[in-house]
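This is what each chain is made of:
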Amino acid sequence: MTQSFRLPEGGLIDRGRRLGFRFDGRDYMGCAGDTLASALLANGVHLVGRSYKYHRPRGILSAGAEEPNALIQLGEGARVEPNQRATQIELFDGLRASSQNRWPSLNFDIGAVNNRLSRFLPAGFYYKTFMWPASFWMKYEYIVRHAAGLGEAPRERDPDHYDKTFAYCDVLVVGAGATGLAAALAAGRSGARVILAEQDSVLGGSLWSGSGETIDGEPASDWIAAARTELEAMEEVTILTRTLAYGYFDHNFMALVERVTDHLGGEAGALPRQRLWKLRAKQVVLATGAIERPLVFADNDRPGIMLADACRTYVNRYAVRPGKRAVVFTNNESGHLAALDMAAAGIEVAAIVDLREDPMGPASERAEAAGLRVVPGSAVIGTRGDRRVRQVQIARLNAEGTQALAAGETLDCDLLAMSGGWNPSLHLFSQSRGKVRFDAGLGCFVPGASAQAERSAGACNGTFGLNDCLAQGFAAGQQAAKDSGVKSGRKSAAAPRAQNHDFLPARWCWEVPSDKPAGRAGKAFVDFQNDVTVNDLKLALREGYESIEHVKRYTATGMGTDQGKTGNVNAIGIVAQIQGREIPDVGVTTFRPPYTPVTFGVFAGRDVDGLLDPARKTPIHPWHEQAGAVFEDVGQWKRPWYFPKAGETMHQAVNREVKAARDSLGIMDATTLGKIDIQGKDAAEFLNRVYTNAWAKLAVGRCRYGLMLNEAGMVMDDGVTSRLGDAHYLMTTTTGNAAPVLAHLEEYLQTEWPDLDVHMTSVTDQFATVTIAGPNARALLAELAGDMDLSSESLPHMSIRDGRVAGIEARIARISFTGEMSYEINVPASCGLALWQALMTAGAKYGITPYGTEAMHVLRAEKGFIIVGQETDGSVTPIDLGMDWIVSKKKKDFIGKRSLTRPDMIKTDRKQLVGLLTDDPKEVLPEGAHLVEGAVSQTPVPMLGHVTSSYESPNLGRSIALAMIKGGRARMGQSLQAPLANGKTVACTVTGPVFLDPEGTRLND
Amino acid sequence: MIEKYLRQSPLAHLGLGGQTGDDAAPARVHLAERPFFGFVNLRGPGADPAFLDAFKAASGYALPAEAGTSGGGGNTTALWLGPREWAIVDTRGDPDAGPRIAEHLRTALADHQVAVTDISESRACIQISGAKARATLQKGCPLDLHPRAFRPGQCAQTRLAKTTVLIHLTGGGPAPEEPAFDVYTVRSFAEYTWLWLEDAAREYGVTARLS
Amino acid sequence: MTRYSLFSLLRNALNYHEDWPRAWRSPEPKPSYDAVIVGGGGHGLATAYYLAKNHGITNVAVIESGWIGGGNTGRNTTIVRSNYLWDESAALYEHSLKLWEGLSQELNYNVMFSQRGVINLAHNQHDLKEIGRRISANRLNGVDSEFLTPRQIKDLVPIIDLRAGGRYPVLGASIQRRGGTARHDAVAWGYARAADALGVDIIQQCPVTGFRIENGRVSAVETGKGTIETGKVGLAVAGHSSVMAGLAGFRLPIQSLPLQALVSEPVKPVLDTVVMSGAIHAYISQSDKGELVIGAGADSYIGYGQRGSLPVTEETLGAICELFPMFRRMRMLRQWGGIVDTCPDASPVLGKTPVEGMYVNGGWGTGGFKSTPGAGWAYAHTIANDMPHELNAAFSLDRFRTGYLIDEHGAAAVAH
Amino acid sequence: MLVIPCPHCGPRCEIEFSYGGQAHITRPEDPAAIDDETWADYVFMRDNTKGVFLERWVHAHGCRQWFNVARHTVTYEILASYETGAKPPKLDFETQV
Ligand SMILES: Cc1cc2nc3c(=O)[nH]c(=O)nc-3n(C[C@H](O)[C@H](O)[C@H](O)COP(=O)(O)OP(=O)(O)OC[C@H]3O[C@@H](n4cnc5c(N)ncnc54)[C@H](O)[C@@H]3O)c2cc1C
Ligand SMILES: NC(=O)c1ccc[n+]([C@@H]2O[C@H](COP(=O)([O-])OP(=O)(O)OC[C@H]3O[C@@H](n4cnc5c(N)ncnc54)[C@H](O)[C@@H]3O)[C@@H](O)[C@H]2O)c1
Ligand SMILES: Cc1cc2nc3c(=O)[nH]c(=O)nc-3n(C[C@H](O)[C@H](O)[C@H](O)COP(=O)(O)O)c2cc1C
Ligand SMILES: [Zn+2]
């Protein structure tokens, strides 16, 4: 296709680099420097989509971030992306795009029937219907859902990667239009660390939309180039183009998204696709410009109806004629500027319809001088044209501008350029908690007082003349640098100078009057994307949805992907007009991040796949891997769950491991247990306060089990603590609780008992810990521990000793979680693997068997030992566990003690730890199963409690279970039922929780 | 003590010794594991001159008093960790440095309310250097690492992506004019930290080795 | 009240919709009411409705400082379910779910209650055990609850990545098929309209600024529109419970935290159920309009600013990208925050206060939207009879003294 | 994301800290001597101020010290930070709310 609407010269495009692209299956050509929108317009394509609700044909409205209509599906396959604004997609060779929300095709769309039915589909119609029969909503919903939505979500795994980074600067300048460039120059010259962020691919902002502007006597384009060169030469200035400042957070924290490789349209190599900048700026200058407002009149949404300034931009920046014959409809000077530039580009300007009675101002004077036809005091009251505007209807207004007199002439055209004034982009300002203020003269909201270290300048501050923008930007940059604490080095030159062009004077008119009774003319759209019309607003107000927030939610105005950038202020104006209130009384809806939508992937950054969360591994991990261990996640740790041999099921493997530990020798990697080194002369007193039992008398070299409660009296953690020296202890915690326990202890130490001489250091990772357990544990250790005396007299159960194992300096504790003779050997972490290998080699003669967490759980359950987090769930006291023996009656206080005497803590029907034996010894109760008395005939049924642990015990040759049962200790011998999810009921009998070796002879021998 | 060759540094299983990096000539980031080092945690009354003097007498240099600074002499460097806490490190590659420093300090400071804990084995040390070392770290580290804000000799406990780290700007990298940081991480997080850094540096070109 | 129906819609269409009446009046407050409900969120409005409907107390005002539904009712991720662990919670939330099932018809306002099923994922052995326990308790409490194998999950959610990058593989899930989502605003509006029709005055833009309390008994409410006499005051001011309690002179075991949510741009249907993962903090559903509605975590610190911090967004979207790698290319359209009142045991307080005639409904934390009908129903009973209903008796303030905590942290980790 | 001034390390990013709730709550000297209500007050009841709030933070990923902060819970402005055990500085609350 030829680019038949391309101007022969001018613009910021490279005619030499022609780029092929495809839209809706047709091939076109564009140029480097085009957006998809400008390239489509260069090829005469206006119709690019269908509207959300009524499926009306829609074209390109704008040339920027505010675009509500030209939303397209970009890319194919795994790289597809819905709802991209054609006005911001940089064209690349081979780009593929298609229109959305139409079926079977853009030209012929079945959904357009909604437009015919639109009378029955006013705002909120679904609240009033689809209610009968009640069970049918799911069917209606299916239809509603499929009608809604815009593009299609990607269906394949995203092949690209994303990045994020923190960043700091003295001065952040957002927006690189005239104002932002001036600010960056001023700040940069002071030597400050400056970041200049611009969402566009080029610097210059709306300077590219204009024609003939000069700055400091040079054409604007030269000034932009010079500014860029100067900024790039400054060491501490960073220019980020294609970078959207999307959110302004507390404490001058700004989030930006840089599109690093999107515009290349292919594989990004080592570069990320996009990058999130998490930026803390000492000072911020907002120079985000302004967005032009549409006018609200009947059928103002046809393809070919565009914002006037966008028409200028297409002509001047992209060298594209958006039409052949244009009508301009305006209430301010901007329309005339557009008309002048279009005329200069060879577009026939049929008329400038001006709402103002007596258009005046520099641009309208020039238009008149240029011989353009101006129709004053008039309005466009309707348009015609099926898939593109082809005619507009004009009417004269009464003197007040409140009524259209009889319809006047009709004008043929293929382009209608409209301007309803300007809205400063105060989104970021408002996100910074700044309150906006309505300026009646400018007819728009402007920033009020700053809430953070921020200043707005230029068009986003309601300053529209170029010279004023430059001066304000320059001053803001200078002051920001100063306020950031930079001592200015070089004397900065004066602010750049230029001519002012303003859009004022203007005549405000929120709803353009029509010749028909209110609501009877064609649809006058306020929010193009969500198909919200003036009538919808009126309906909402009529029905009592009076707050602007209710109006928003009832009609969905401003809730589309454009977040009402073009529509919101018109909606507020119209609501004010209907309610007879002042605009400031109506107020604005809340500005929220992001300014324009940002990709999810950028928030994940590189923290995906394996890097989502650290996987902690012990020094022995590589051995486990080689041995084919199956791992389970415990907190962040990877722990061997069981070690299957070839052909073994989990069940078989676990049984083998359990048997080995009881019958001969098992070995386990216990490195993950939390370990806290505690030093200081008050350490014993400290332990007294944090554990339920007494610590003063523990001898050096001995170990003691402890239970730790939270202040509500609930079990929080347990573990063995050893006394290594007079004022030196080593505490162990459960794997998952190591960090929370240390934090809990530090908190009490620092905030409640700062007078105690105690220091704690985590040494979890300092040691590799290997447990050997079983009747042959001592023999194995004896063989490797040199001449260490391992007799029970010298190293009894619950004692600890330094020594050497396999030549490695080791701390050996004789403690047991399995009920077997067992040693925990702690060695420097770097020696863990060597120790393990030495034990495996020497233990071969005993059939040494590595066992995992599952076998450990079975072994301890046989002994009735609890696991915090399995028997307990944050609602269990030591008394509930039957562990009164460990709760000191003598100590005056410890954390949680006072809570244990509250009325509900001493009730006898609290859940208590018991054992359960199924009547059928082969039956293994599922963990979590609840127990009831008798049969279940209906629900809800009173439950007595639940199974906390349950296993097949190969040593006992039957199943065993632990459970928390209401008043359990008084129920010994009672028969209970466990009704299961599969309909089966398992009968069992309540017993004590210790199933094996209750006297502990195996440990103590 | 056990033969050194039997001891496994935290990243030994990644086989970094076998990786060269020669082919990555334009690399602007260099990663290296420092396999063995001493790292001793010292707590003491930072405001007590007697304690400070005792340390100085024992070590030949003063404990850094100012937040985020370090100081050293002889074979060790002291890094400020908190108002009453320091790390005394020795990064010359001696596997027995930790116990030795700890023993030395314990004896020299026996008269003071101190806690000395050798945690050398519980840390891994990754050196990151090169023109883009700062940019790489900055991706995951919330501190301002700009040369104006983070100067040679400075140290800080902070976060790196999803772990806690201690970073120390040593300047001891392969190219003296380029920044070099020692990043200390908890041993079981070492693999994660290494892979994360390698991935973060990929766009700049990265070499990996055992130092 | 003109009934909404297909017929009324057609009739009004012929008249250009110019004859629709107001959904609720906008009266000036009367000098006195039999009961005043403070807070025009779903809970407050539902309470007023059930006071009028179930207890015949129609001389009631709902006083709202802003616009009704503008609090958490209007900013939540709309997940409705009743599969709570403890008997007390299960009973209350299940009662609520049953009311949800007929709510559109009861209110004659389509609240779009969509029973599309709520899935809770398990990523490790501990999760699996917790899920097993919960399913067992739920079923015996008469709450529908099933286990799903990974294959069954994939059938219901074809786009899920069961391996989730290897770090958090999906090992199984529970599903409550009767759970789902609803149109949050419609719940407030529907209750408002129905309560108004029974005579309740809904007074907006009217902050409550104090209480008159004599001899330990409340006798009037001070508002931005003057003093209103009343002997019964029901607080339902999620996010401001402590502030109200402060005005009345008592303290609550509550912290107000900023909780975030966000939506994507709208897309055609791609996710048909609600998917929640407690372990990696992700909650996602797709609204009828097409946006992915994503619940994020709460900031850990008190905040009345109705906004959340960036790290929470990062964490949440990181998790979503892990479970649904194709969504990395979706885009966030809007992100906002609400203020949630959280209790130490992650269960609400719903009952009497130390001030006679004053009642409290608060502390729902991240999960009180689903309880709107049930809590309103039980709260109305409590206010009408000056005594809690058995459904809410356990949720008293006194439990913090006696120790009868209802610790739903397990369930609240997936609380939306 | 907040910048929290650690009294020891200086200003650092929010993500280095953990929150500790209301400050200046002291554990009763003799818990056994007080009634259930007073105990519940200590364990559970908290001011939850809308406005300037004295609260505790710990520099968890930094120097690991607990300290106190005066922060406005609506604007999130931080007016002061000070060491555990110190008295709160005099603040002009009115002007800040
Ligand atoms: C992001 C987010 C996601 C959530 N997701 C879910 C979810 O998926 N499922 C779920 O079940 N729950 C969810 N919740 C929780 C749920 O939203 C709330 O528990 C529930 O909406 C509370 O309803 P309410 O009516 O009590 O409070 P609100 O709707 O907050 O109503 C309280 C009202 O009190 C008014 N008020 C305050 N002070 C005064 C005063 N002085 N005078 C007069 N009026 C006053 C407020 O303006 C407000 O309108 C979520 C919450 C949030 C913030
Ligand atoms: N006709 C008129 O009266 C009228 C109206 C508006 C603007 N103008 C002219 O526009 C110029 C104003 O200059 P200015 O610099 O204030 O505005 P500008 O529009 O030239 O520049 C604003 C820049 O900010 C960028 N931007 C906006 N939001 C951003 C974000 N969130 N992140 C990153 N980048 C963002 C935009 O892409 C744009 O480049 C003057 O020349 C003025 O005369 C004139
Ligand atoms: C379930 C749900 C869906 C939403 N969908 C949209 C949406 O499609 N577009 C939009 O702009 N906002 C949407 N919002 C967000 C609201 O616009 C708004 O941000 C939220 O109600 C909080 O109010 P506030 O931002 O005015 O404080 C949605 C909110 C909820 C709770
Ligand atoms: Zn600190």
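The rules we used
Residue positions are given per chain, counting from 1 as you read along its sequence in written order. Just so you know, chain letters begin at A and ligand numbers begin at 1, following the order they were written in. This being a predicted model, a pLDDT of at least 70 is required before a residue's local features are given, and a value of 80 or more before pairs of side-chain atoms are given or counted; all residues contribute to the totals for chains, interfaces and linings. No hydrogens and no water enter the side-chain calculation; it runs on all heavy atoms of the structure. We call two residues in contact when some of their heavy atoms are within 4.5 Å. Within this document, salt bridges are pairs made up of a side-chain nitrogen of Lys or Arg and a carboxyl oxygen of Asp or Glu, the two lying within 4 Å of each other. Labels follow the DSSP assignment, with helices taken as runs of H or I lasting at least four residues and strands as runs of E lasting at least two, numbered in each case from the N terminus. Each residue is placed in one exposure class: buried if its accessible area under a 1.4 Å probe, protein chains only, is under 20% of its type's maximum, exposed if it is over 50%, and partly exposed if it falls in between. Here the coordinating atoms are restricted to nitrogen, oxygen and sulfur within 2.8 Å of the metal centre, or 3.2 Å for Na, K and Ca, and because water is not among them the sites may look incomplete. Site shape is set this way: if four donors have all angles between 85 and 135 degrees, tetrahedral; if opposite donors are over 155 degrees apart and all others between 65 and 115, square planar for four donors and octahedral for six; otherwise irregular. By convention in these notes, a residue is near a molecule or strand provided one of its non-hydrogen atoms lies within 4 Å of it. Between N or O atoms, a polar contact is any pair within 3.5 Å; within protein, one atom must be a potential hydrogen donor and the other a potential acceptor, and residues adjacent in sequence are included only when both atoms are from side chains. Residue burial considers only the protein chains on display, and all accessible areas are found by Shrake-Rupley using a 1.4 Å probe. Here the term charged refers only to Asp, Glu, Lys and Arg, the term nonpolar to Ala, Val, Leu, Ile, Met, Phe, Trp, Tyr, Cys and Pro, and the term polar to all other amino acids, Gly among them.

### What to know about the arrangement of the chains
If you rank the five pairs of chains in contact by how many contacts each has, first place goes to chains A and C. The closest approach of any C-alpha atom in chain B to one in chain C is 11 Å; the two make no contact.

### Side note on the pattern of salt bridges
Scanning the model with the defined rule gives 111 salt bridges over all chains in all. In this structure, the salt-bridge partner of Arg56(A) is Asp299(A), at a minimum N-O distance of 3.0 Å. Of this pair, Arg56(A) sits in the loop between β3 (49-50) and β4 (57-58) while Asp299(A) is found in the loop between β16 (290-292) and β17 (305-307), placing the two residues 243 residues apart along the sequence. Classification of Arg56(A) as buried rests on a relative accessible area of 8%. In this structure, Arg860(A) and Glu871(A) form a salt bridge, with 3.0 Å as the shortest nitrogen-oxygen distance. Note that Arg860(A) is positioned in helix α22 (residues 853-862) and Glu871(A) in the loop between α22 and β45 (911-918), a separation of 11 residues in sequence. According to the relative accessible area criterion, Glu871(A) is buried, its value standing at 2%. Linked by salt bridges that have partners in common, Asp163(A), Glu258(A), Arg275(A), Arg606(A), Lys139(B), Asp199(B), Arg202(B) and Glu203(B) make up one network.

### A word on the coordination of the zinc ion (ligand 4)
Residue and element names in this part refer to chain D. Within the protein, the atoms that donate to the zinc ion (ligand 4) are Cys6 (SG), Cys9 (SG), His59 (ND1) and Cys63 (SG), at distances of 2.0 to 2.4 Å. For the zinc ion (ligand 4), the four donor atoms in the first shell make angles of 103 to 117° at the metal, a pattern classed as tetrahedral. A relative accessible area of 0% places histidine 59 in the buried class.

### Some thoughts on the site of ligand 1
All names here are of chain C. Around ligand 1, a shell composed of 37 residues is seen, among which Glu64, Asn72, Thr73, Thr77 and Lys370 lie nearest. A distance of 2.7 Å separates an oxygen atom of ligand 1 from a polar atom in the side chain of threonine 77. Residue valine 208 places a main-chain N or O atom 2.9 Å away from a nitrogen atom belonging to ligand 1. Contact with the protein chains covers 96% of the free accessible surface of ligand 1, which is 1,000 Å². Broken down by secondary-structure element, the contributors of at least two residues to the shell around ligand 1 are α2 (42-55), β13 (255-264) and β17 (331-342). For the shell around ligand 1, a count of residues per class yields 14 nonpolar, 20 polar and three charged.

### Digging into unusual backbone geometry
All names here are of chain A. In the segment running from leucine 504 into proline 505, the intervening peptide bond is cis, with an omega of -5°. Along the polypeptide, proline 505 turns up in the loop between α10 (466-483) and β29 (525-527). Note the cis peptide between proline 593 and proline 594, where omega equals -5°. Of note, aspartate 216 is a non-glycine position whose phi angle comes to about 50°, a positive value. With respect to the secondary-structure elements, aspartate 216 resides in the loop between β10 (214-215) and β11 (218-219). Positioned with a positive phi, alanine 556 is a non-glycine residue whose angle comes to about 70°. By secondary structure assignment, the location of alanine 556 is in the loop between α12 (548-555) and α13 (568-579). Among the residues examined, alanine 556 registers a relative accessible area of 13% and is labelled buried.

By themselves, these observations are geometric and do not establish any function.
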